[in-house]
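Coordinates in review
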Amino acid sequence: MASWAFTLLAGAFLASLVAVFVWQGLPAWRQAGFGYITGKQWFYRQQIFGTLSMIYGTVAVSLVALVCAVPIGIGAALCTAEFLPPKPRLFVKVTVELLAGIPSVVYGLLGILFLRDWVYQALTPFDPLSGDTLLTAGLLVGVMILPTILSLADDALRGVPALQRQAARGLGLNRSEVVWSVVLPQAAPGIVAAVLLALGRSLGEMIAVFLVVGRQDNQWPESLASLRPLISAGQTLSSKLGGSETNIAYGDSLHWAAMVNLGLLLLAMVTVVTLLAFRLLKSDRHA
Amino acid sequence: MRKARNIAFQTLAALCAAASFGVLALILAAILFRGLPAVSWRFLTEQIRLVGADGGIFFNLVGTLILMVTALLVSSPLAIGIALTHSIYLQSAILRRRILLLLYLLNGVPSLLFGIFGFILFVKYLGWGKSWLSGGILLGMMILPTVTIALVERIASLPRAYTEAAAGLGLTAAQTIWSVILPQSLGGLVTGSLLGLARAAGETAPIMFTATIFAGAHLPDGIKESPVLSLPYHIFILAQDSFDPSVGAKVWGTAVVLLALVCGLSLIALPLRLRIHEEARNG
């Protein structure tokens with residue numbers, strides 16, 4: 001019986017987490033309505049709460065991270081899963097998985113002391129204000145999710161039975177052709193799930209982003225296609241919620257609700273991504 | 001043409017692997033190069049002085065260990081309960097998948113949100129203030145999916161003959177679980193816990209609002225208003241004013257200690273994990 005109780009307890013924990021975010025955030029929806037999502041301005045002293053600039057920041061950081069990490073991660077996974085002999089493969093895989101465990105605060109430290117300066121120097125022709133930019137945060141998160149993508153994509157590729165590779169080789173295909181026409185099509189759902197899980201992590205990442213993103217409110221770009229905003233400071237949902245404003249806000253129910261709702265938005269984005277990934281993963285894997 | 005394409009493709013993949021490996025090795029090298037000189041016996045056994053510019057990280061280390069042990073005590077019983085429900089009691093594939101979905105969703109929740117939730121529930125509603133216990137509970141819930149899924153995979157890889165032999169001997173379900181399934185799948189629990197704790201040790205976001213402060217805490221002497229110091233929060237705060245060179249050396253030293261803790265836990269888990277993976281592949 002205890003087993004059932006524990007399962008219910010875990011379910012109740014998740015449910016109450018969601019419920020608390022919904023309940024505590026209600027006053028902000030009442031005050032701002034959909035303006036909470038579509039508004040570009042956030043001035044808490046004037047009780048103006050619009051989060052679009054922060055949603056932009058979150059999406060921009062995650063996109064930069066994916067653009068950097070996905071091609072390299074999948075390419076590297078192809079190399080470890082398909083081309084490397086077993087011993088070096090194991091070595092690379094083990095090292096990468098160890099590095100996947102480096103805490104985000106250590107990445108943040110590296111970002112603040114190295115990456116920030118490198119980005120500033122590299123961008124000198126474009127005259128940035130500082131090295132704290134959305135691009136810096138995106139690059140840093142890209143490095144952070146690289147081991148995740150590599151490891152999960154490698155798992156997906158290794159999940160394709162060896163027999164199928166041998167059959168394709170027997171038909172006269174060379175190694176690359178086997179990968180393109182036999183392995184990749186079958187591993188595709190798993191690889192996409194790997195990318196989605198990494199995306200989920202980058203959306204919610206707070207510590208590393210917080211340290212290098214500049215935390216500048218209300219940075220809505222004039223044109224969504226323009227790259228200029230990427231090389232200026234910005235704010236993400238998580239860097240806002242993790243900042244000192246959270247401590248100030250408690251006690252003012254409207255301001256607090258507006259802060260808590262940042263978490264709810266984040267939760268909604270991450271949940272959608274997780275659900276998609278879950279549907280793609282083979283249903284019989286753990287059953 | 002085919003041959004050229006084959007070579008080009010393999011080279012490109014190898015370059016990607018080299019790039020990933022290179023970046024990560026460089027990161028490791030940078031941390032060790034900067035941090036190792038700062039680590040000494042004194043650094044590990046003295047308490048923090050001069051706002052982090054002098055002294056050591058003894059109580060930060062102790063605080064992080066307290067949080068980890070609490071997280072372990074919270075997550076283990078829950079993980080065993082959920083894994084048994086999933087793998088033994090439930091017969092319906094749909095319900096099993098529901099439990100798995102619950103674990104995936106819990107795993108997906110950003111760690112910052114655990115912190116905010118804990119702030120609302122423990123710090124304010126229950127009135128604990130900052131307390132090691134709320135940090136431990138939050139970290140325990142955060143690593144629950146990792147621990148449970150490792151255990152579930154281990155139970156799934158147990159040979160059928162074991163349970164059949166137990167049934168043949170006339171053992172009841174409860175006896176089978178106690179004397180066959182749990183002892184045999186202990187490895188999964190240990191592996192999962194080590195991996196989970198490796199993650200819990202380095203997390204800052206769940207504990208920064210709920211359990212940890214920068215200076216002035218020693219051993220907790222109760223639940224209410226008894227925060228601890230911790231390694232990740234120490235780095236987080238010092239990183240923000242790391243321009244002072246003496247602080248800089250200390251913060252890299254702390255990073256090396258944290259990294260050693262995290263990688264040490266994953267390394268201990270490694271042989272067990274490889275064995276389980278190979279069994280799963282061959283079985």
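Residues numbered from 1 in each chain as written. Chains lettered and ligands numbered in written order. Predicted model: local features only at pLDDT ≥ 70, side-chain atom pairs only at ≥ 80, totals over all residues. Heavy atoms only, no water.

1. What to know about the overall build of chain B
Looking only at helices and strands, chain B features 12 helices and 2 strands. Secondary structure elements of chain B, listed N to C terminal, follow the sequence α-α-β-β-α-α-α-α-α-α-α-α-α-α. Expressed along its principal axes, the backbone C-alpha trace of chain B runs to roughly 70 × 65 × 35 Å. Relative to its 283 residues, chain B shows a buried fraction of 54%. Long-range contacts, defined as pairs at least 24 residues apart, comprise 75% of the intrachain contacts of chain B with a sequence gap of at least 6. For chain B, the computed accessible surface area is about 12,200 Å², with 68% contributed by carbon and sulfur atoms. Taken as two groups, the 19 positive and 11 negative side-chain charges of chain B have centres that lie 12 Å from each other. (Helix = DSSP H or I, 4+ residues; strand = E, 2+ residues; numbered from the N terminus. Buried < 20%, exposed > 50% of the residue type's maximum accessible area, 1.4 Å probe, protein only. Contact = heavy atoms within 4.5 Å. Areas by Shrake-Rupley, 256 points an atom, 1.4 Å probe, with all protein chains shown as cover. Lys, Arg positive; Asp, Glu negative; His and termini not counted. Charge placed at Lys NZ, Arg CZ, Asp CG, Glu CD.)

2. A look at the overall build of chain A
A count of helices and strands for chain A gives 12 helices and 2 strands. Within chain A, counting contacts between residues at least 6 apart in sequence, those at least 24 apart form 73% of the total. Summing over all exposed atoms, chain A offers an accessible surface of approximately 12,300 Å²; the carbon and sulfur share of this is 67%. Counting 18 positive and 14 negative side-chain charges, chain A places the centres of these two groups 7 Å from one another.

3. Overview of the packing of aromatic side chains
Evaluation of the coordinates by the stated rule reveals 20 aromatic pairs over all chains. Measuring from ring centre to ring centre gives 6.0 Å for Phe-13 of chain A and Phe-114 of chain B, while their planes differ by 20 degrees; the resulting arrangement is stacked. Of this pair, Phe-13 of chain A sits in helix α1 (residues 2-32) while Phe-114 of chain B sits in helix α5 (residues 111-125), on two different chains. Overall, Phe-13 of chain A belongs to the buried group, its relative accessible area being 11%. By relative accessible area, which is 0% here, Phe-114 of chain B ends up buried. Taken together, the aromatic side chains of Tyr-250 and Trp-256 of chain A together with Phe-119 and Phe-209 of chain B make up a single cluster linked through ring pairs. (Phe/Tyr/Trp six-rings, centres within 6.5 Å; stacked < 30°, edge-to-face > 60°.)

4. Describing the interface of chain A and chain B
If you look at the interface, chain A gives 86 residues, while chain B gives 79 residues. Here chain A and chain B share an interface that buries about 7,300 Å² over both sides, 80% of which is from carbon and sulfur atoms. The interface formed by chain A and chain B holds 1 salt bridge in total. Between chain A and chain B we count 6 residue pairs in polar contact (both at pLDDT 80 or more) in total. Among the elements that line the side of chain A that touches chain B, the one with the most residues is α1 of chain A, at 14 residues. (Buried area = accessible area lost by both parts, 1.4 Å probe. Salt bridge = Lys/Arg side-chain N within 4 Å of Asp/Glu carboxyl O. Polar contact = N/O pair within 3.5 Å; in protein donor to acceptor, adjacent residues only side chain to side chain.)

5. What about the packing of helix α8 (residues 175-204) of chain A against helix α1 (residues 2-35) of chain B?
At their nearest, the axes of α8 of chain A and α1 of chain B sit 8 Å apart, and the two run at 75 degrees to each other. The orientation of α8 of chain A relative to α1 of chain B falls into the category roughly perpendicular. Contacts between α8 of chain A and α1 of chain B pair Arg-175, Ser-176, Glu-177, Val-179 and Trp-180 of chain A from the former with Arg-2, Arg-5, Asn-6, Phe-9 and Gln-10 of chain B from the latter. For the contact of α8 of chain A with α1 of chain B, the per-class residue count stands at 3 nonpolar, 3 polar and 4 charged. (Axes fitted to C-alpha atoms, helices over the stretch in contact; angles between N-to-C directions. Parallel < 35°, antiparallel > 145°, perpendicular 65-115°, else oblique. Nonpolar A, V, L, I, M, F, W, Y, C, P; charged D, E, K, R; others polar.)

6. Digging into the environment of Glu-97 of chain A
In this structure, Glu-97 of chain A sits in helix α4 (residues 86-100). Other than its neighbours up to four places away in sequence, Glu-97 of chain A contacts Ser-151 of chain A together with Arg-273 of chain B.

7. Quick look at a nonpolar patch on the surface
Together, Val-18, Val-22, Trp-23 and Leu-26 of chain A make up a nonpolar patch on the protein surface, roughly 350 Å² of accessible area in all. Position of Val-22 of chain A relative to the elements: it lies in helix α1. (Patch = residues over 30% accessible without salt bridge, like charges linked within 9 Å, V, L, I, M, F, W, Y side chains within 5 Å.)

8. Brief notes about α8 of chain A
Residues that lie three or four places apart on an α-helix share one face, since the helix turns once every 3.6 residues. Taking 1.5 Å as the rise per residue, α8 of chain A with 30 residues should run 44 Å; its terminal C-alpha atoms sit only 38 Å apart, a clear shortfall. The principal kink in α8 of chain A, of about 55 degrees, is found at Ala-188 of chain A, preceding the proline Pro-189 of chain A by one to four residues. (Expected span 1.5 Å × (residues − 1). Bend = angle between axes of the 7 residues up to and from the residue.)

9. A word on the environment of Val-74 of chain B
Residues and elements named next belong to chain B. Structurally, the position occupied by Val-74 is in helix α3 (residues 58-89). In the structure, Val-74 is positioned 24 residues away from Arg-98 in sequence and 22 Å away in space, judged by C-alpha atoms. Those residues in contact with Val-74 that sit more than four places away from it in its chain are Gly-136, Ile-137, Gly-140 and Met-141.

10. Points about the nonpolar core
Soluble globular proteins: nonpolar side chains tend toward being buried together. The biggest cluster of nonpolar side chains holds 187 residues, and the ones touching the most others in it are Leu-157 of chain A together with Ile-31 and Phe-114 of chain B. The element contributing the most residues to this core is helix α3 (residues 52-83) of chain A, with 17 residues. The residues touching Leu-157 of chain A, leaving out its near neighbours within four places in the chain, are Ala-77, Leu-78, Ala-81, Glu-82, Arg-165, Val-183, Leu-184, Ala-187 and Ile-191 of chain A. (Core = buried A, V, L, I, M, F, W, Y, C linked by side-chain atoms within 4.5 Å.)

11. Concerning the packing of helix α12 (residues 253-280) of chain A against helix α4 (residues 93-108) of chain B
Close contact between α12 of chain A and α4 of chain B brings their axes to 10 Å; oriented N to C, the two are set at 140 degrees. In this view, α12 of chain A runs oblique relative to α4 of chain B, as classed from their interaxial angle. At the point where α12 of chain A passes α4 of chain B, the crossing takes the right-handed sense. Of the residues in α4 of chain B, those in contact with Val-270, Thr-271, Thr-274, Leu-275, Phe-278 and Arg-279 of chain A of α12 of chain A are Arg-97, Leu-100, Leu-101, Tyr-104, Leu-105 and Gly-108 of chain B. Of the residues in the contact of α12 of chain A with α4 of chain B, the class split is 7 nonpolar, 3 polar and 2 charged. (Left-handed = near helix turned anticlockwise from the far one by under 90°.)

12. Topic: the pattern of salt bridges
Residues and elements named next belong to chain A. Under the criterion given, the structure shown has 10 salt bridges over all chains. Among the salt bridges present, the one from Asp-155 reaches Lys-93, with a minimum N-O distance of 2.9 Å. One end of the pair, Asp-155, is in helix α6 (residues 134-158); the other, Lys-93, is in helix α4, with 62 residues separating them in the sequence. The partly exposed category is assigned to Asp-155, whose relative accessible area is 29%.

13. Describing the confidence of the model for chain A
Residue and element names in this part refer to chain A. Summarising the model, chain A shows a mean pLDDT of 89, and 98% of its residues fall at 70 or more. The weakest mean pLDDT in chain A belongs to α4 at 83; the strongest belongs to α3 at 94. pLDDT under 50 marks residues 283-287. Its contacts with residues more than four places away, or in other chains, come to 10 contacts. (pLDDT = per-residue confidence, 0-100.)

14. Some thoughts on the environment of Ser-131 of chain B
Residues and elements named next belong to chain B. By secondary structure assignment, the location of Ser-131 is in the loop between α5 and α6 (132-156). Note on Ser-131: relative accessible area 0%, which makes it buried. On a C-alpha basis, the gap between Ser-131 and Glu-225 in space is 5.6 Å, while along the polypeptide they are 94 residues apart. When residues no more than four places from it in sequence are discounted, the contact partners of Ser-131 are Thr-210, Ala-211, Ile-223, Ser-226 and Pro-227.

15. Thoughts on unusual backbone geometry
Phi at Gln-47 of chain A is positive, roughly 55 degrees, even though this residue is not glycine. Residue classification places Gln-47 of chain A among the partly exposed positions, given a relative accessible area of 37%.

16. Description of the side chain of Thr-246 of chain A
With respect to the element layout, Thr-246 of chain A can be found in helix α11 (residues 245-249). In this structure Thr-246 of chain A comes out as buried when scored by relative accessible area, which is 1%. Within the structure, Thr-246 of chain A has its side chain in polar contact with the backbone oxygen of Leu-241 of chain A (distance 2.5 Å). Setting aside its immediate chain neighbours within four residues, Thr-246 of chain A contacts Lys-240, Leu-241, Trp-256 and Met-259 of chain A together with Ile-116 and Phe-209 of chain B.

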